[in-house]
Amino acid sequence: MKWLLAILTIMLLATQYRLWVGEGSLAEVTRLKRQLAQQQEKNIALARENRQLFREVRSLKVGTDGVEAKARYDLGLIKEGETLFIFLDKEEAEN
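Residues numbered from 1 in each chain as written. Predicted model: local features only at pLDDT ≥ 70, side-chain atom pairs only at ≥ 80, totals over all residues. Heavy atoms only, no water.

With respect to the overall build of the protein
Okay, so step 1: In terms of helices and strands, the protein carries 4 helices and 0 strands.
Okay, so step 2: Going residue by residue from the N terminus, the α and β elements of the protein occur as α-α-α-α.
Okay, so step 3: Against the globule reference of 12 Å for 95 residues, the protein gives a C-alpha radius of gyration of 31 Å, more extended than a compact globule.
Okay, so step 4: Along the first, second and third principal axes, the C-alpha atoms of the protein reach 105 × 40 × 10 Å. (Helix = DSSP H or I, 4+ residues; strand = E, 2+ residues; numbered from the N terminus. Rg over C-alpha atoms; globule rule 2.2 N^0.38 Å.)

Put into structure tokens, the structure is as follows:
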């Protein structure tokens, strides 16, 4: 009878070990859930960025307005007869 009790106790401890410490334990499941939530947040941010880039590409493909806006913003393009004004922050002007 003592042997049976000892064997059952060892089996109980072995199953409890896996539940609390081993593979598939509660701690690991919690860590994986946290990691999944972080990855989902990253995926949402990347999907938002992809939509913005898709709109920008579509705008550049469709007409000249998108190309002109991009050139004005990135390259400082001005049309003939326009005057370009550059305003510097006080901190930038001192440097």
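Focus: helix α1 (residues 2-20)
Okay, so step 1: For α1, with 19 residues, the first-to-last C-alpha span of 27 Å sits near the 27 Å given by 1.5 Å per residue.
Okay, so step 2: Within α1, only 0 of the 19 residues are buried, leaving the element largely exposed. (Expected span 1.5 Å × (residues − 1). Buried < 20%, exposed > 50% of the residue type's maximum accessible area, 1.4 Å probe, protein only.)

Let's talk about the packing of helix α2 (residues 26-62) against helix α3 (residues 64-75)
Okay, so step 1: At a minimum axis distance of 5 Å, the contact between α2 and α3 shows a crossing angle of 115°. Regarding the angle of α2 to α3, the classification is roughly perpendicular. For the pair α2 and α3, the contacting residues are Glu56, Ser59 and Leu60 in the first and Gly66, Val67 and Lys70 in the second.
Okay, so step 2: Class assignment of the residues belonging to the contact of α2 with α3 gives a composition of 2 nonpolar, 2 polar and 2 charged. (Axes fitted to C-alpha atoms, helices over the stretch in contact; angles between N-to-C directions. Parallel < 35°, antiparallel > 145°, perpendicular 65-115°, else oblique. Contact = heavy atoms within 4.5 Å. Nonpolar A, V, L, I, M, F, W, Y, C, P; charged D, E, K, R; others polar.)

Comments concerning the pattern of salt bridges
Okay, so step 1: Taken as a whole, this structure holds 6 salt bridges when the rule is applied.
Okay, so step 2: Measuring nitrogen to oxygen at the nearest pair gives 3.0 Å for the salt bridge that ties Glu82 to Arg72. Highlighted residues: Glu82 in the loop between α3 and α4 (90-94) and Arg72 in helix α3, separated in sequence by 10 residues.
Okay, so step 3: The exposure class assigned to Glu82 is partly exposed, which follows from its relative accessible area of 36%.
Okay, so step 4: What makes Arg72 partly exposed here is its relative accessible area of 29%. (Salt bridge = Lys/Arg side-chain N within 4 Å of Asp/Glu carboxyl O.)

A word on the environment of Ser59
Okay, so step 1: Residue position: Ser59 is located in helix α2.
Okay, so step 2: C-alpha of Ser59 to C-alpha of Ala69: the two residues are 10 residues apart in sequence and 10.0 Å apart in space.

Quick notes on a positive patch on the surface
Okay, so step 1: Taken together, the side chains of Arg48, Arg51, Arg55 and Arg58 define a basic patch exposed on the protein surface.
Okay, so step 2: Along the chain, Arg55 turns up in helix α2. (Patch = residues over 30% accessible without salt bridge, like charges linked within 9 Å, V, L, I, M, F, W, Y side chains within 5 Å. Areas by Shrake-Rupley, 256 points an atom, 1.4 Å probe, with all protein chains shown as cover. Lys, Arg positive; Asp, Glu negative; His and termini not counted. Charge placed at Lys NZ, Arg CZ, Asp CG, Glu CD.)

A closer look at the confidence of the model for the protein
Detailed reading of the predicted coordinates is not advisable wherever pLDDT is low.
Okay, so step 1: When pLDDT is averaged across the protein, the result is 85; 96% of the residues are at 70 or more.
Okay, so step 2: Looking across the protein, the model is least confident in α4, with a mean pLDDT of 70, and most confident in α2, with 92. (pLDDT = per-residue confidence, 0-100.)

Overview of the environment of Leu32
Okay, so step 1: Along the polypeptide, Leu32 turns up in helix α2.
Okay, so step 2: Relative accessible area serves as the criterion here: at 40%, Leu32 is assigned to the partly exposed category.
Okay, so step 3: Separated by 16 residues in sequence, Leu32 and Gln16 have C-alpha atoms that sit 20 Å apart.

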